[in-house]
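Chain by chain, the residues:
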Amino acid sequence: MKCGLCCSNCGKRRTFQMKDTRCGCGGTMLVEYDLERASRTLTKESLKNRQTTMWRYEELLPIEKNEHIVSLGEGWTPLVRLYGAEKALPLQKLWVKREEQNPTGSFKARGFSAAVSLAREYGIRKVAVNSNGNAASALAAYAGYAGMEAYLFLPRDCPGLIVEECIHYGARTFLVDGLIHDAGQIIRDGERDQGWHHVGTLKEPGRVEGKKTMGLELAEQLGWKLPDVIVYPTGGGSGIIGMWNAFRQLKQLGMVDGDMPRMVSVQEAGCQPVVRSMAKGEFVAQTEGVTSKPTGMRVPNPPDGGLIVSILQESNGTALSVTPKEICDAQADMGNQGISASPEGAAAWAGLLRLIDRGWIHKNDEVVLFNTSHAMKYWPWHAVRVPVVRTYQDWVDLHKL
Ligand SMILES: Cc1ncc(COP(=O)(O)O)c(C=O)c1O
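Bear in mind that the values here come from a model prediction, so they are computed numbers and not experimental data.

**Q** What should I look at first to understand the packing of helix α9 (residues 238–252) against helix α11 (residues 305–314) in this one?
**A** When two helices pack together, you describe them by how their axes are tilted relative to each other and by the distance separating the axes. Two numbers describe how α9 lies on α11: the axes approach to 10 Å, and their chain directions differ by 50°. Comparing their axes, α11 and α9 come out oblique. Helix-helix and strand crossings are classified by hand; for α9 and α11 the assignment is left-handed. Within the contact between the two elements, α9 uses Ile240, Ile241 and Trp244 and α11 uses Leu307, Ile308 and Ile311. Of the residues that constitute the contact of α9 with α11, the class distribution is six nonpolar, no polar and no charged.

Set out below in structure tokens:
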């Protein structure tokens, strides 16, 4: 039930289009919906009988015809209460949203289910993305399912298993000697000649809409309540932007009330443009000194950093960076609680600990952490760290040592 695009910065409206999602003022054009019409069918009651994928919110997704939907079962991921951690920290209520349970093992599946569906609706056959890894493998899977050609450009130090995953889905996969924006430049340069549809962050209108469903789902899973704090590992920012949009639309629809959550962006110390920008009060890209590990948070110049900063400010939120050592310890902490956390998901946990320490998160706060991907996708595949035994006697002998 989309009715056009609206600039997130100046409010200017235009008819829906697949390209040029940047407004003349520099803001990002986001999809607008006929909410009055949506409210006739999208109700708390009607949702009780719908499919358990993100397409349960079809009125708030930009596809016109159901036959164009490209779905591998994304969304409706578990929201798990961390009772042990609540006691230890202590915190009133703490959940982890298990986005690693999505097809392709990350929240990126949501964005590409929407973007590839839109591409199919508009008759597009060739799609290209620049990515730190998870977006590329998600596009590869959805394009494969839809029978499209996918072209992927990833920094050469991208985790090896994710590169293998891209190849496994049959995508044309290329490593780039540079960072994510260098990879994006290759697509911009070749877009016209190659007929690629650029599905990089905020380059088309679909991905951010798919990610919006994380926020819709969270509200529904919490019984149409919003948490006090959301802690999110941030790179290009479309997760934060999508969720904020979700909460706004739910408010306009009258489906939630009360305060909006305080949004927290966590980044790694070696690449923290959002953190620095929050300290400065306006967005500034990180132009040098990028030393962080190759994760989804390593985005020195997000396409609309200004929008990320304004959402964090409007929500009374914050941004903070954590060190590689904290991320490593946090992965172990989450692993011990049964959660397979990627470095990004672990960064959210590390950020939570710091914010409790600083007194920014209080014990009465209800907090949701996003575990955006699986630990397993980042493991070096030869590094098996367990002893090998053949018989019970071997095992006994090992314990005698
Ligand atoms: C696992 C993971 N977490 C977080 C992010 C950052 O998300 P966003 O671009 O929505 O800020 C990414 C992006 O690549 C990612 O792959």
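**Q** When you look at the site of the ligand in this model, what are you seeing that I'm missing?
**A** Around the ligand sit 19 residues in total, of which Gly235, Gly236, Gly239, Gly296 and Thr372 are the nearest. Elements with a contribution of two residues or more to the shell around the ligand: α5 (134–146) and α9. Class assignment for the residues of the shell around the ligand results in three nonpolar, 14 polar and two charged.

**Q** So what exactly am I meant to see when it comes to the sheet that holds strand β13 (residues 366–371) here?
**A** Taking strand neighbours across the sheet as the criterion, the six strands line up as β4-β5-β13-β10-β11-β12 in an open arrangement whose pairing is mixed. The open sheet terminates on both sides in strands that have one partner only, identified here as β4 (79–81) and β12 (318–322). Neighbour-to-neighbour, the strand axes of the sheet open up by a mean angle of 25°, direction not taken into account. Here strand β5 (residues 93–98) runs beside β13; their pairing, made up of six bridges, is parallel. The partner of Lys97 across the bridge, within β13, is Phe370.

**Q** Explain unusual backbone geometry here, please?
**A** Across residues other than glycine, the phi torsion is negative in most instances, and most of the peptide bonds are trans. Following Leu89, the chain continues to Pro90 via a peptide bond in cis, the omega torsion being -15°. As for its placement among the helices and strands, Pro90 is situated in the loop between α3 (83–88) and β5. Backbone geometry at Thr104 places phi at a positive 70°, although glycine is not the residue there. Its place among the elements puts Thr104 in the loop between β5 and α4 (108–121).

**Q** Before we go on, may I ask you to explain the environment of Pro380 in this structure?
**A** Its place among the elements puts Pro380 in the loop between β13 and α14 (392–400). Expressed as a C-alpha distance, the spacing of Pro380 and Asn9, which sit 371 residues apart in the sequence, is 42 Å.

**Q** Sorry, what's going on with the nonpolar core here?
**A** Side chains of a nonpolar character, in soluble globular proteins, are inclined to be buried together. Ranked by internal contacts, the top residues of the largest apolar core, which has 112 residues, are Val127, Leu139, Ala140, Leu152 and Val231. By residue number, the principal contributor to this core is α5, which donates nine residues. Beyond its immediate stretch of four places on either side in the chain, Leu152 contacts Val129, Ser131, Ala136, Leu139, Ala140, Cys166, Ala171, Arg172, Thr173 and Phe174.

**Q** So what exactly am I meant to see when it comes to helix α12 (residues 324–336) here?
**A** An α-helical turn contains 3.6 residues, so a residue and the one three or four places further along point in the same direction. Across its 13 residues, α12 extends 18 Å between first and last C-alpha, which sits within 8% of the 18 Å expected from 1.5 Å per residue. Among all positions of α12, only Glu326, Ile327, Ala330, Gln331 and Met334 are buried. Down the axis, α12 shows its buried residues gathered within 140° of arc, on one side only. For α12, the exposed residues set more than 90 degrees away from the buried face come down to Lys325, Ala332 and Asn336. Of the residues trailing α12, Gly338 is marked for its positive phi of about 90°.

Criteria and thresholds
Residues numbered from 1 in each chain as written. Predicted model: local features only at pLDDT ≥ 70, side-chain atom pairs only at ≥ 80, totals over all residues. Axes fitted to C-alpha atoms, helices over the stretch in contact; angles between N-to-C directions. Helix = DSSP H or I, 4+ residues; strand = E, 2+ residues; numbered from the N terminus. Parallel < 35°, antiparallel > 145°, perpendicular 65-115°, else oblique. Left-handed = near helix turned anticlockwise from the far one by under 90°. Contact = placed C-beta atoms within 7 Å. Nonpolar A, V, L, I, M, F, W, Y, C, P; charged D, E, K, R; others polar. Near = placed C-beta within 6 Å. Pairing = 2+ DSSP bridges. Core = buried A, V, L, I, M, F, W, Y, C linked by C-beta atoms within 7 Å. Buried ≥ 20, exposed ≤ 12 C-beta atoms within 10 Å, placed from the backbone. Expected span 1.5 Å × (residues − 1). Arc of directions from axis to C-beta.

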